[in-house]
Amino acid sequence: GGNCSLLQEMDVLWRHDENCYCYVQNRTFHLQYIWSTLQVKVNSSETFRFEPISENSNCRHAETVFEFAACAVQIFWRPETSTETSLRIKQYGEDLCFKIEPFRTEPYTVTVKREMLDGKLLVLFVAGIFLFHFANSLSRSTKCFYLSGIILGVLALLVFVLLALRRFIPRHSTFWILMSGCWMFSLYLIYCFKENMQWLWSEHRIYLLGYFLAVGIASFAVCYHHGPLTTDLSITLFTWTLQLTAFLLIYCGVTIPQVAYAVIAVSLCSKGLGYPLGAACHVARKMKNYFKAKKLEFKFLTEEEYREQGETETIRALEELRSFCRNPHFPSWVAVTKLQSPHR
């Protein structure tokens, strides 16, 4: 609204009263900001309440049931007070507004600082590229299967439980309806936790660690009980799942959506070109072997074959020598004088 203070890069604001702040995104694309983020920090010597403000904060304007549920959760899920908080703003993302409610008249600072290379975004992008190109080999790895099961159990517990109990659901239609509902609810929970992860980690770290440990061990036990994937269909589905996850990591790893779409398109084209290139290389190898001169193959003689061939070749050579010596033009006396044993 018009009563909020607009934040800009490199701002350092000192306030002591309740106020709201907004950062309006720059819509001009620059490739140097592909992995750039803005970090907003609020520090104070006394406690204050940090409350995000969104355009959908009024539940009466919710158009769907999911928007109404998200609005209700945001109303009842109020972060507790703290003396320091920070948040990262993705370049070219949505506009951000938040309100600071100090409990006393002590001053607090609002700092806006740009980070040209966000390590988290770069790691997500590289991990997405790596996961996409090696999804075929990773889907056949036992370690990758167990690790994926643990991650799925921690992030989407309902989906993991439904997959573990699939054999007890007789109808496929019922299973896929339940799977769709579990995925939507799990994605919504991930979104809610992502928005408040910093507060949860600072205030309820022990509970989070306990949840991660307990669910991780249980997920590993279930995966170990079922064993790794063996059928070609399950391995193919796992490969596709890894590739879709790679696309999500690539999209979340850059600040410009158009760049993410271009990288995904190039990855798909490179993967699709692998088959015709492989076929062309196979045909080229076949043609090369066809036109290439065959190597000589040596056959080793047995002892019996060696003796027979020696006798035959000796008789033939002696007959040639006799016919050559009976030639009238052969200098017989010159040849006799050069022999060491003429009589023999």
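Source: prediction; values computed, not measured. Each chain has its residues counted from 1, running along the sequence as written. Where local features are concerned, this predicted model is filtered to residues with pLDDT of at least 70; where side-chain atom pairs are given and counted, the filter is 80 or more; whole-chain, interface and lining totals use all residues. The basis for every side-chain value is the complete set of heavy atoms in the structure, and neither hydrogens nor water enter the calculation.

This part is about the overall build of the protein. In this text, helices come from DSSP runs of H or I with a minimum length of four residues, and strands from runs of E with a minimum of two, each type numbered from the N-terminal end. Assigned secondary structure in the protein consists of 12 helices and 7 strands. Residue contacts are defined here by distance: any two heavy atoms, one from each residue, within 4.5 Å place the two residues in contact. When contacts within the protein are restricted to residue pairs at least 6 apart in sequence, long-range pairs at least 24 apart make up 80% of them.

Any residue with relative accessible area above 30% and no salt bridge may belong to a patch, with like charges joined within 9 Å and the nonpolar Val, Leu, Ile, Met, Phe, Trp and Tyr side chains within 5 Å. Residue burial considers only the protein chains on display, and all accessible areas are found by Shrake-Rupley using a 1.4 Å probe. Salt bridge, as applied in this entry: a Lys or Arg side-chain nitrogen positioned within 4 Å of an Asp or Glu carboxyl oxygen. Taken together, the side chains of L157, V161, L165, F168, W201, L209, Y211 and F212 present a nonpolar region at the surface, about 720 Å² in accessible area. For the nonpolar patch, the secondary structure elements donating two or more residues are α5 (157–164) and α8 (205–226). Note that V161 resides in helix α5.

So, about the side chain of S139. The topology assignment puts S139 in the loop between α3 (135–138) and α4 (142–155). Whenever two N or O atoms come within 3.5 Å, that pair is a polar contact, provided that in protein one can donate a hydrogen and the other can accept it, and provided that, for residues adjacent in sequence, both atoms are side-chain atoms. Only 2.8 Å separates the side chain of S139 from the side chain of T239, close enough to count as a polar contact. Setting aside residues no more than four positions away along its own chain, S139 makes contact with I235, F238, T239 and L242.

To continue, consider the pattern of salt bridges. For the coordinates displayed, the defined rule picks out 6 salt bridges. A salt bridge links E18 to K99; the shortest N-O distance between them is 4.0 Å. Here E18 is found in the loop between β2 (12–15) and β3 (19–23), whereas its partner K99 is found in strand β6 (residues 96–102), with 81 residues between them in sequence. The partner of R316 in a salt bridge is E320, and the shortest N-O contact between them spans 2.9 Å.

Look at the UniProt record and you will see "transmembrane region" (unreviewed entry) annotated at residues 121–139, 145–165, 174–191, 206–225 and 237–256. Secondary structure content for residues 174–191 is 100% helix and 0% strand, and the end C-alpha separation is 26 Å. Split by type, residues 237–256 is 80% helix and 0% strand. Its first and last C-alpha atoms lie 29 Å apart. UniProt positions are given in the numbering used here, feature names are shortened, and annotations may be inferred rather than shown by experiment.

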